[in-house]
Amino acid sequence: LEQEMMDGGLQEPSEVVLNAKTGERMSLAQYNRTSSWTVLRVAEDGEKEEVRLSNAVEEAREQGLKVVVVAANAKPMVVRVMDFGKLLKDMQAKKKMQAKKAKATDTKELRLGFNIGQHDLEVKLKQGREFLEKGHKLKLSTRLKGADFYKGQEKAMQKLSEIAAKLADLAVVEREPFMHDRSANMLL
């Protein structure tokens, strides 16, 4: 192995990738311990063959490819000879596409007064519909003050349920009306 290093062949076994996701390479000490191991090599064309790890590394080097450990705990260890740079690019592209597809949903809140008028309620419902159409979650809350807190809790809960019924064509109730501190809340 030292001769191989002096010849400029193996500076570090960078041809052996232990973890494809992190790109972690096999250290020289690990390579020294495992180079004589028999591994199941899977070539790029799908051909499977049991070979020594050192032979798999040599073949990969000749082809300009890397040896990627697929199943380290299998007996024998499964490795794949492949273009690791291409794999990294594919993984990055896949991650980017998943990030694009992931839809960020914000929670928008509509605060309603306890004694809200009919017109004001319609305006709030219109705003709520716009939020729901854009894919946001909607939190409805009614702040109870003074005597309303003691007398009007049931009325506030009913009002939130009525609003949820009016928005039922766009949303489902994620959380039924509930009291939190001095507010009646609901999540659609």
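1. Quick word on the overall build of the protein chain
Thinking step 1. The helix and strand tally for the protein chain stands at seven helices and ten strands.
Thinking step 2. Counting the 188 residues in the protein chain, one finds 34% classified as buried.
Thinking step 3. Taking contacts inside the protein chain between residues at least 6 apart in sequence as the whole, the part at least 24 apart equals 53%.
Thinking step 4. About 12,300 Å² of surface is accessible on the protein chain, with carbon and sulfur atoms providing 48% of the total.

2. Thoughts on the pattern of salt bridges
Thinking step 1. On inspection of all chains with the given rule, the structure shows six salt bridges.
Thinking step 2. For Glu59, the salt bridge identified is with Arg41, shortest N-O distance 3.4 Å. Note that Glu59 is positioned in helix H3 (residues 53-63) and Arg41 in strand S3 (residues 38-42), a separation of 18 residues in sequence.
Thinking step 3. Ionic pairing is found between Lys137 and Glu174, a salt bridge with its closest N-O pair at 3.3 Å. Here Lys137 is found in strand S8 (residues 137-143), whereas its partner Glu174 is found in the loop between helix H7 (153-166) and strand S9 (175-180), with 37 residues between them in sequence.
Thinking step 4. By relative accessible area, Glu174 is classed as partly exposed at 49%.

3. Some remarks on H3
An α-helical segment advances 3.6 residues per turn. Residues three or four places apart therefore align on the same side.
Thinking step 1. Every buried residue of H3 is accounted for by Leu53, Ser54, Ala56, Val57 and Ala60. End-on view of H3: buried residues confined to an arc of 160°, all on one side of the axis. Across H3 from its buried face, at more than 90 degrees, point the exposed residues Glu62 and Gln63.
Thinking step 2. Of the residues one or two after H3, Gly64 is the one with positive phi, at around 75°.

4. Quick notes on the pairing of strand S4 (residues 48-52)
Thinking step 1. Examined bridge by bridge, S3 and S4 share five bridges and lie antiparallel to one another. Bridging across to S4, Arg41 finds its partner in Glu49.
Thinking step 2. The turn linking S3 back onto S4 is made up of five residues, and Gly46 within it adopts a positive phi angle of 95°.

5. Describing the pairing of S9
Thinking step 1. Alignment of S9 against strand S10 (residues 183-187), held across four bridges, turns out to be antiparallel. Its bridge partner lying in S10, Phe178 is registered against Asn185.
Thinking step 2. Linking S9 to S10, which pair antiparallel, is a turn of two residues; within it Asp181 sits at a positive phi near 55°.

6. What to know about unusual backbone geometry
Thinking step 1. A positive phi angle is found at Asp181, which is not glycine, with a value near 55°.
Thinking step 2. Take Asp181: it is sitting in the loop between S9 and S10.
Thinking step 3. The class of Asp181 is exposed, set by a relative accessible area of 60%.

7. With respect to the nonpolar core
Thinking step 1. Judged by nonpolar contacts, the single largest core of 21 residues is most densely connected at Leu138, Leu140, Leu160, Ile163, Leu167, Met186 and Leu188.
Thinking step 2. Counting only elements with at least two residues in this core, the list comes to strand S7 (107-112), helix H5 (118-133), S8, H7 and S10.
Thinking step 3. In terms of residue count, H7 provides more of this core than any other element does, five residues in total.
Thinking step 4. Here Leu138 is in contact with Lys108, Leu110, Gly128, Phe131, Leu132, Leu167, Met186, Leu187 and Leu188, once residues within four sequence places are set aside.
Thinking step 5. Judged by nonpolar contacts, the second largest core, of twelve residues, contains Val39, Ala60, Leu65 and Val81.

The rules behind the values
- Residues numbered from 1 in each chain as written.
- Predicted model: local features only at pLDDT ≥ 70, side-chain atom pairs only at ≥ 80, totals over all residues.
- Heavy atoms only, no water.
- Helix = DSSP H or I, 4+ residues; strand = E, 2+ residues; numbered from the N terminus.
- Buried < 20%, exposed > 50% of the residue type's maximum accessible area, 1.4 Å probe, protein only.
- Contact = heavy atoms within 4.5 Å.
- Areas by Shrake-Rupley, 256 points an atom, 1.4 Å probe, with all protein chains shown as cover.
- Salt bridge = Lys/Arg side-chain N within 4 Å of Asp/Glu carboxyl O.
- Arc of directions from axis to C-beta.
- Pairing = 2+ DSSP bridges.
- Core = buried A, V, L, I, M, F, W, Y, C linked by side-chain atoms within 4.5 Å.

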